[in-house]
Amino acid sequence: MATISAGSGTNDDAPGPSDPRIDPDRLLATLSRFATFGATDGGGLNRLSLGDADGQARDELCAIARRRGYRVEVDPIGNIFITRPGLDETLPVLLVGSHLDSQPFGGRYDGAYGVLAGLEVLRSLDDAGLRTRRSVTLVDWTNEEGARFSPGLLGSGVVAGTISLADAHARTDAQGITVGQELDRLGYRGAFDSSSLAVHRSFETHIEQGPVLERTGTDIGVVTGVQAIRWFDVLVQGQDRHAGTTAHSDRQDALVAAARLIEVVDRMADTVDEKLRATVGEIRVQPNSRNVIPGRAVLAIDLRHPDPARLDQAEEQLRRAAAEVAEQRGVRTEVHQVLEMPPTAFDAGTTDLIRRAAASLGRSAMEMSSGAGHDSMNVASRAPASMLFIPCVDGLSHTQAEDIHDEWAVNGASVLLTAVRWAAEEAAGHSPE
Ligand code: GLV
Ligand code: MN
Ligand code: MN
């Protein structure tokens, strides 16, 4: 565990009267402002990665940063790095942030909260006139969600080396538009060499996206790790034919075959174990017309479990079911894996800083692991990383109904500020590098 010294030069954990404070009004106003970019009628967000609304949110973030005099750098996959320089710019930085993209009918806080809480930390340091020893860098990762371009965690994946830049640029959306085209259109194909950015510690603040913190009345989730994730695209190829003239015995209906597979995926938790999460979240049918027997269907499948051996079991079931359905329905099936994220254990020293920061502010905290995936999984392969969660109403996320209370937002940003301040003063000799 690294030795921590407080920014004031004392070893006292409790902030003194002159210490920087989160400005609640500014934080909440900024959250509201960013929720206008891609706002849906249902009170949520449709801010798909590298669409117009994502471009507006990115532009706004960069404009605020430039007005503040922070350094704004963009890497070739469009990740934005905003740095408030420290006293010693040769030292590895503190990384904070998350993602601004959303699901198609997503909420206002998944991702955006982590970016804007990080921005508020930088602004609070300005207010107090505090120069940290290490620089603090705020990041907005490109295409965390994977809703428009698959796979998710794309921007951090390029930095971590789990996907090549060329492959990432070539990823297409449902219209065939590539990531590279959209980066050029929006002006976010930068030249910053983010893979050589030295990171001392990374903190990502996020809504829990589950019900535990709210149910237990706990302010802060201290996140110790994330379960493993595998994504698959399953192609079902049949024959499109006339709906009115083709007897059922003559059909190779890709959609009916896909429906059988959906049933299998939904029942997997019964045969693997109750910790398995197995979801078919998307189905793309061609030609998608009422009076044509569907000739082609692609299922987008999400499997998660803390234990990769259990995921092996689930994957085996999926592959077997795909082969059986092909045989039974006279179609061809192909199972393609599009994402592999092993389980992640976050850095104990960084997690401990979050726990201590919460305690120093009188906030209740509990350890938890994350069911949702996060860019911090990729960051953790290169630097000491951890996450802190705040509650969300009814555990809802990936829905327009996602919501948080004002004080939860302020609590999370305040704990982040304290943890960042401490970590930013850690001496090189006591650092985790
Ligand atoms: C990220 O949103 C995930 O799929 O967990
Ligand atoms: Mn998220
Ligand atoms: Mn999400």
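Residues numbered from 1 in each chain as written. Chains lettered and ligands numbered in written order. Predicted model: local features only at pLDDT ≥ 70, side-chain atom pairs only at ≥ 80, totals over all residues. Heavy atoms only, no water.

What follows is about the coordination of the manganese ion (ligand 2). Those protein atoms acting as donors to the manganese ion (ligand 2) are His 99 (NE2), Asp 110 (OD) and His 206 (NE2), and they sit at 2.0 to 2.3 Å. Read in sequence order, the donor residues coordinating the manganese ion (ligand 2) give the pattern H-x10-D-x95-H. The metal-metal distance between the manganese ion (ligand 2) and the manganese ion (ligand 3) is 3.6 Å, with Asp 110 coordinating both. Remark: His 206 occurs in strand 5 (residues 199-207) and His 99 occurs in strand 3 (residues 93-99); sequence separation between them is 107 residues. (Donors = N, O, S within 2.8 Å, 3.2 Å for Na, K, Ca; no water. Helix = DSSP H or I, 4+ residues; strand = E, 2+ residues; numbered from the N terminus.)

So, on to the sheet that holds strand 9 (residues 277-286). In space, the four strands of this open sheet follow the order 9-11-7-12, with antiparallel pairing throughout. In the strand order of this sheet, the two ends are held by strand 9 and strand 12 (332-341), each with one partner. In this sheet, adjacent strand axes meet at a mean angle of 15° when their direction is disregarded. One ladder, built from nine bridges, connects strand 9 with strand 11 (residues 296-305); its direction is antiparallel. Bridging across to strand 11, Ile 283 finds its partner in Leu 299. Of the strands in this sheet, strand 7 (228-237), strand 9 and strand 11 are in contact with helix 8 (residues 254-271), which crosses strand 9 at around 170°. (Pairing = 2+ DSSP bridges. Axes fitted to C-alpha atoms, helices over the stretch in contact; angles between N-to-C directions. Contact = heavy atoms within 4.5 Å.)

Moving on: the packing of aromatic side chains. All told, the structure shown has three aromatic pairs when counted by the stated rule. Centre to centre, the rings of Phe 34 and Phe 37 are 5.6 Å apart; their planes meet at 85°, and the pair counts as edge-to-face. Neither Phe 34 nor Phe 37 differs from the other in exposure class; each is buried. Plain terms: the ring middles of Phe 81 and Trp 141 are 5.9 Å apart, the flat faces sit at 85° to each other, and that makes the pair edge-to-face. Here the residue Phe 81 occupies a position in strand 2 (residues 80-84), and Trp 141 occupies one in strand 4 (residues 136-141), the gap between them amounting to 60 residues. Here Phe 81 matches Trp 141 in class, with each residue buried. A cation sits over an aromatic face here: Arg 58 above Tyr 188, 5.0 Å from the ring centre. When the ring centre of Trp 422 is taken as origin, the NZ or CZ atom of Arg 356, which lies over that ring, is 5.4 Å away. (Phe/Tyr/Trp six-rings, centres within 6.5 Å; stacked < 30°, edge-to-face > 60°. Buried < 20%, exposed > 50% of the residue type's maximum accessible area, 1.4 Å probe, protein only. Lys NZ or Arg CZ within 6 Å of the ring centre and 35° of its normal.)

Right, let's get into helix 6 (residues 179-186). Listed as buried for helix 6 are Val 179, Gly 180, Glu 182, Leu 183 and Leu 186. Summarising the axial view, the buried residues of helix 6 lie within an arc of 165°, below the 170-degree limit, and thus occupy one face. Against the buried residues of helix 6 lie helix 2 (52-68), helix 4 (154-160) and helix 5 (165-170). Looking one or two residues beyond helix 6, the residue adopting positive phi is Gly 187, at roughly 80°. (Arc of directions from axis to C-beta.)

This part is about unusual backbone geometry. Between Ser 150 and the following residue, Pro 151, the backbone shows a cis peptide bond with an omega angle of 0°. Of note, the bond from Gln 286 into Pro 287 is cis; its omega dihedral lies within 30 degrees of zero at 0°. Residues other than glycine seldom take positive phi values, yet His 398 does so here, at roughly 55°. Relative to the helices and strands, His 398 is located in the loop between strand 15 (385-390) and helix 12 (406-424). Look at His 398 and you get partly exposed, because its relative accessible area is 43%.

What follows concerns the site of ligand 1. Neighbouring ligand 1 are the residues Glu 144, Glu 145, Arg 304, Ala 372, Gly 373 and His 398. Between His 398 and ligand 1, the recorded distance is 3.1 Å, taken from a side-chain N or O atom to an oxygen atom. Relative to its free-state accessible area of 190 Å², ligand 1 is covered by the protein chains to the extent of 92%. Taken together, the residues that form the shell around ligand 1 break down as one nonpolar, two polar and three charged. (Near = heavy atom within 4 Å. Polar contact = N/O pair within 3.5 Å; in protein donor to acceptor, adjacent residues only side chain to side chain. Areas by Shrake-Rupley, 256 points an atom, 1.4 Å probe, with all protein chains shown as cover. Nonpolar A, V, L, I, M, F, W, Y, C, P; charged D, E, K, R; others polar.)

Next up on the list: the domain arrangement of the protein chain. How big an interface is tends to be stated in terms of the accessible area lost upon association of its parts. As far as domains go, the protein chain holds domain 1 (24-227 + 343-424) and domain 2 (229-340). Distance from the C-alpha centre of domain 1 to the C-alpha centre of domain 2: 33 Å. Where domain 1 touches domain 2, the interface holds zero salt bridges. Our enumeration of links across domain 1 and domain 2 arrives at one residue pair in polar contact (both at pLDDT 80 or more). (Domains from an automatic or database assignment. Salt bridge = Lys/Arg side-chain N within 4 Å of Asp/Glu carboxyl O.)

This paragraph deals with the environment of Asp 75. Tracing the backbone through its elements, the reader meets Asp 75 in the loop between strand 1 (71-74) and strand 2. The spacing of Asp 75 and Ala 259 is 184 residues in sequence and 41 Å in space, taken between C-alpha atoms. Apart from residues lying up to four places away in sequence, Asp 75 is in contact with Phe 81, Val 159, Tyr 188, Arg 189, Gly 190, Ala 191, Phe 192 and Ser 194.

A word on a nonpolar patch on the surface. Together, Leu 255, Ile 262 and Ile 283 line one region of the surface with nonpolar side chains, adding up to about 200 Å² of accessible area. Along the chain, the position of Ile 262 falls in helix 8. We classify Ile 262 as partly exposed; its relative accessible area is 32%. (Patch = residues over 30% accessible without salt bridge, like charges linked within 9 Å, V, L, I, M, F, W, Y side chains within 5 Å.)

For the manganese ion (ligand 3), the full set of protein donor atoms is Asp 110 (OD), Glu 145 (OE), Glu 145 (OE) and His 398 (NE2), at a range of 2.1 to 2.4 Å. Summarised as a motif, the one-chain spacing of the donors to the manganese ion (ligand 3) is D-x34-E-x252-H.

Here the structure, examined in full by the defined rule, presents 32 salt bridges. Across the pair Arg 148 and Glu 182 runs a salt bridge whose closest N-O atoms are separated by 2.9 Å. Placement of Arg 148 in the loop between strand 4 and helix 4 and of Glu 182 in helix 6 is noted, with a sequence separation of 34 residues between them. Given the relative accessible area of 15%, Arg 148 is considered buried. With a relative accessible area of 6%, Glu 182 lands in the buried category. Residues joined by salt bridges that share partners form a network here, namely Asp 52, Arg 148, Asp 173, Glu 182 and Arg 185.

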